[in-house]
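So you can see what is in the structure, the chains are spelled out below.
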Amino acid sequence: MPIADCHPLKPSRSIDLKAGEPINGYKGIPTGENRQLLSLRMAICQALYEEMKRDETIYVMGEEVAEYNGAYKVTKGLLDAFGPKRVIDSPITENGFTGLAVGAAMTGLRPVIEFMSWNFSLVAFDQIISNASKMCYMTGGMFPIPLVMRGPNGAGPRVSSQHSHAVEALYAHFPGLIVVSPSTPYDAKGLMKTALRQNNPVCFLENEMVYNLEQEIPTAEYLVPFGVADRKREGRDCTIVAVSRSVHWALEAAEQLAKEGIECEVIDPRTVKPLDIGAIVESVKKTHRCVVVEECYRTGGLGAEIAAQLMELAFDELDAPVGRVTTTENPMPYAANLEHETLPKPHRIIAAVKAACYR
Amino acid sequence: MTAAVQPDHWVRPDPVQVRDEIGRDRLLGMFRKMLLIREFEERAELAYKAKKIAGFLHLYIGQEAVATGFFDHLSPGRDATVTTYRCHAQGLLSGLNPDELMAELYGKATGNVKGKGGSMHFFSKEKSFLGGHGIVGGQVPVGIGAAFSAKYRGTGGVSVTFLGDGAVPQGTFHESLNMAGLWGLPAIVVIENNQYGMGTACHRAVAVADMAALKAPGYGVEAITFDGLDLFASWKAGQRAVAIARANKPVLVEAKTYRYRGHSVSDAGLYRSKDEVERYKALDPIERVQTSLLEAGWLTDDAATTEREAVVERVRAALDFAERSPEPDLSELTRHVYAE
Ligand SMILES: Cc1ncc(C[n+]2csc(CCOP(=O)(O)OP(=O)(O)O)c2C)c(N)n1
Ligand SMILES: [Mg+2]
């Protein structure tokens, strides 16, 4: 399993930058020979920029993506670089611009659409499921849909019920869709470039809470393939599987558990579909325990799927039931204390790992 | 304009005439409510900056005349209302207690929805206030549903659905108006055109200006347009709309208004000029009502000061209540996922 050559995250800001201030746009900050500092939001922007330079059929459309530079500034600078023909502010009309993208993809373009957040993709659910996910199959392969749908996913800070959905399991349910959910700038850039060079509809799930995460990455071009997991931490006692923001909760939990003598291995599948179950099995063969951490609900979530596959593929390797730390089965409440208990935060991960280790 | 446009869609009444029609007590009542809404939100904004309130906080400051003029013709409970995430005014105008609304902003157990909703989700069953909604366009069919229900149950009630200009492009808006027109529902749909949907100027998102006038004929509903910064125009527009709707005819209304604050508290506002904001601030709907009350001799400067002090006191009490209230019990986490 490849480990990206760019750990650790968050290098010290030795360069001339104000600490805490978000860095935006597609121009990385040079840090040395062939190295640059990027935030996760910039990594996506840079991938878009590079691929738009390469491929004129790519356009970007969504609410506030152009003049406002994106509600979360992920598309900052793209309007200036590519002009209003290719970077387009849409009305608030998700079902409309998603369907439009399907039509454009069927006629030679490679659309990138931004959902201001994936919560609003539910307005476009019909176009994503009934059209984008099935078009290739139901046309006997005549109409593949090269489409990237992207935006922040999962709970934002205290935005309550209607603004806190995590949709990875939901969209992974449907054949025909690819579901990507990066946790680091390195992965985000490489995965976005892959997404823009293949011919299937991709749900590219970002997370507001990690947009500011910074990392030193190569300036040279690289791609991160779909379906290949990355080990974000090595350990022998328990495997933790997580994507996106949950990776960082898992790493935090792992650090605390290490102080108590429990060494966790954190596996980040990076793409939920296709899922690199092989990498998870390989890790479980070493640790014999597994806890899945996710922002989805328990019923039909990623943990349910991974537990089932581990039972099929590694039944004899498991020394404990697969643990699941998910969002609790309620809409996101607003109150701070209730929100804290709803999310799969480190305190809950620690408890689940200890249970798996019978500690 | 096309031939299909009703020429009399503009409601532009003479303010003095309307003032006399409204009368002293009723106008003073609306003035107090607008003051309360303004004070409630200005204090909420400060509390947000002091990190007492989190998430999104969308302020109605500048738009108070729109909801105030319409609510004055409604009897909450019989008549239903529904709006967007910008819902503080509608909550207060429904007659909800400022204590429970402020406590909701603080995420406390004593909040309007037990601390589960926050700023975007005020509701009241008793007042048929069907809430503040977070998804742009999501509340519009819900409002039509309340009109359907009123007609079905024969209550004589109407529904008023508020939405922003930015929601007009959503499919739900068009689906809703067609149903309302098709089935003759007692539905009033009010577009609060504050000229921006987040950072997008209205003309960059909607293909036509005068949205009510141009779209209403296509759905077989009546159209009304008015200056939303003017309480007297709003009151007359509301009066006309409610009269039409009570006769089971739907109405599409456009209020031309303005929001003085950012989209939400965290908006830097780079998409519009300071000048523009100042121009609209000079038309402050509350100041204009106060001026009119003074002119009529229905209010003195001293009395105006007393009125303002009263709302300051009321909101201070609400803040105090919110501050002192407990957080929800953790047992609330999975309660109410299903009906009890
Ligand atoms: C379906 C959906 N898409 C996007 C958003 C994000 N969003 C929230 S408010 C808003 C602008 C709405 O503008 P408008 O309807 O004019 O209402 P205003 O905020 O001006 O009152 C947007 C894009 C959302 N909440 N729901
Ligand atoms: Mg607006």
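Thresholds applied
- Residues numbered from 1 in each chain as written.
- Chains lettered and ligands numbered in written order.
- Predicted model: local features only at pLDDT ≥ 70, side-chain atom pairs only at ≥ 80, totals over all residues.
- Heavy atoms only, no water.
- Core = buried A, V, L, I, M, F, W, Y, C linked by side-chain atoms within 4.5 Å.
- Buried < 20%, exposed > 50% of the residue type's maximum accessible area, 1.4 Å probe, protein only.
- Helix = DSSP H or I, 4+ residues; strand = E, 2+ residues; numbered from the N terminus.
- Contact = heavy atoms within 4.5 Å.
- Phe/Tyr/Trp six-rings, centres within 6.5 Å; stacked < 30°, edge-to-face > 60°.
- Donors = N, O, S within 2.8 Å, 3.2 Å for Na, K, Ca; no water.
- Buried area = accessible area lost by both parts, 1.4 Å probe.
- Salt bridge = Lys/Arg side-chain N within 4 Å of Asp/Glu carboxyl O.
- Lys, Arg positive; Asp, Glu negative; His and termini not counted.
- pLDDT = per-residue confidence, 0-100.
- Near = heavy atom within 4 Å.
- Polar contact = N/O pair within 3.5 Å; in protein donor to acceptor, adjacent residues only side chain to side chain.
- Nonpolar A, V, L, I, M, F, W, Y, C, P; charged D, E, K, R; others polar.
- Domains from an automatic or database assignment.

> Run through the nonpolar core, naming residues and quoting values.
Core analysis: the biggest nonpolar cluster contains 79 residues, and Leu27, Ile53, Phe70, Met102, Ile188, Phe226 and Val253 of chain B have the highest contact counts within it. Looking at which element gives the most residues to this core, the answer is helix α2 (residues 24-49) of chain B, with 12 residues. In this structure Ile53 of chain B touches Tyr334 of chain A together with Ala44, Ala47, Tyr48, Leu105 and Tyr106 of chain B, once residues within four positions along its chain are discounted. Membership of the second largest hydrophobic core comes to 41 residues, among which are Tyr26, Leu40, Met42 and Cys45 of chain A.

> Can you explain the packing of aromatic side chains? Please cite residues and give values.
Residues and elements named next belong to chain A. In total, this model carries 17 aromatic pairs over all chains according to the counting rule given. On the basis of an interplanar angle of 40 degrees and a centroid distance of 6.1 Å, the ring pair of Tyr72 and Tyr211 is categorised as tilted. Taken together, the residues Tyr72 in the loop between β3 (58-62) and α2 (78-82) and Tyr211 in the loop between β8 (201-206) and β9 (214-218) connect sequence positions 139 residues apart. In this pair, the class of Tyr72 matches that of Tyr211, namely buried. Geometrically, the ring pair formed by Tyr186 and Tyr222 is stacked, given 4.3 Å between the ring centres and 5 degrees between the ring planes. With Tyr186 in helix α7 (residues 185-195) and Tyr222 in the loop between β9 and β10 (230-233), this residue pair connects regions lying 36 residues apart in the sequence. Tyr186 gets classed as buried once you look at its relative accessible area, which sits at 12%.

> Describe the coordination of the magnesium ion (ligand 2), and please don't skip the residues or the numbers.
All names here are of chain B. The protein atoms that coordinate the magnesium ion (ligand 2) are Asp165 (OD), Asn194 (OD1) and Tyr196 (O), at distances spanning 2.1 Å. The motif formed by the donor residues of the magnesium ion (ligand 2), counted along the single chain, is D-x28-N-x1-Y. Of this pair, Asp165 sits in the loop between β4 (159-164) and α7 (171-183) while Asn194 sits in the loop between β5 (187-193) and β6 (196-197), placing them 29 residues apart in sequence. What makes Asp165 buried here is its relative accessible area of 3%.

> An account of the interface of chain A and chain B is requested, with residue identities and associated values reported.
Counting residues at the interface gives 31 residues for chain A, matched by 37 residues for chain B. The junction of chain A with chain B conceals about 2,700 Å² of combined surface from both sides, 60% of it contributed by carbon and sulfur atoms. Our count for the contact surface shared by chain A and chain B stands at two salt bridges. Between Glu67 of chain A and Arg204 of chain B there is a salt bridge; the shortest N-O distance is 3.6 Å.

> Could you give an account of the side chain of Arg41 of chain A, with specific residues and numbers?
All names here are of chain A. Secondary-structure assignment places Arg41 in helix α1 (residues 40-54). Despite being buried, Arg41 has no salt bridge partner; Glu208 is the closest side chain of opposite charge, sitting 7.7 Å away. For Arg41, the contacting residues outside a window of four places in its chain are Pro22, Ile23, Asn24, Tyr72, Lys73, Val74, Tyr211 and Asn212.

> How would you sum up the confidence of the model for chain A? Please name residues and give values.
On average, residues of chain A carry a pLDDT of 94, and 94% of them reach 70 or more. Predicted confidence for residues 1-8 of chain A stays below pLDDT 50, and this span has 25 contacts to residues more than four positions away or in other chains.

> Lay out the site of ligand 1 with the relevant residues and their values.
Taken together, the neighbourhood of ligand 1 is formed by 22 residues, with Glu94 of chain A together with Tyr85, Arg86, Gly166 and Asn194 of chain B sitting nearest. At 3.4 Å from an oxygen atom of ligand 1 is found a side-chain nitrogen or oxygen belonging to His263 of chain B. Here the shell around ligand 1 is composed, by residue class, of 10 nonpolar, eight polar and four charged.

> Give me the domain arrangement of chain A: which residues, what numbers.
Residues and elements named next belong to chain A. Entries for chain A in the domain assignment read domain 1 (3-218) and domain 2 (230-357). The C-alpha-based centres of domain 1 and domain 2 are spaced at 25 Å. Tallying the contact residues gives 34 residues for domain 1 and 27 residues for domain 2. Of the roughly 2,400 Å² buried at the junction of domain 1 and domain 2 (both faces included), carbon and sulfur atoms supply 57%. Our count for the contact surface shared by domain 1 and domain 2 stands at two salt bridges. Asp187 is paired through a salt bridge with Lys232; the nearest N and O atoms lie 2.7 Å apart.

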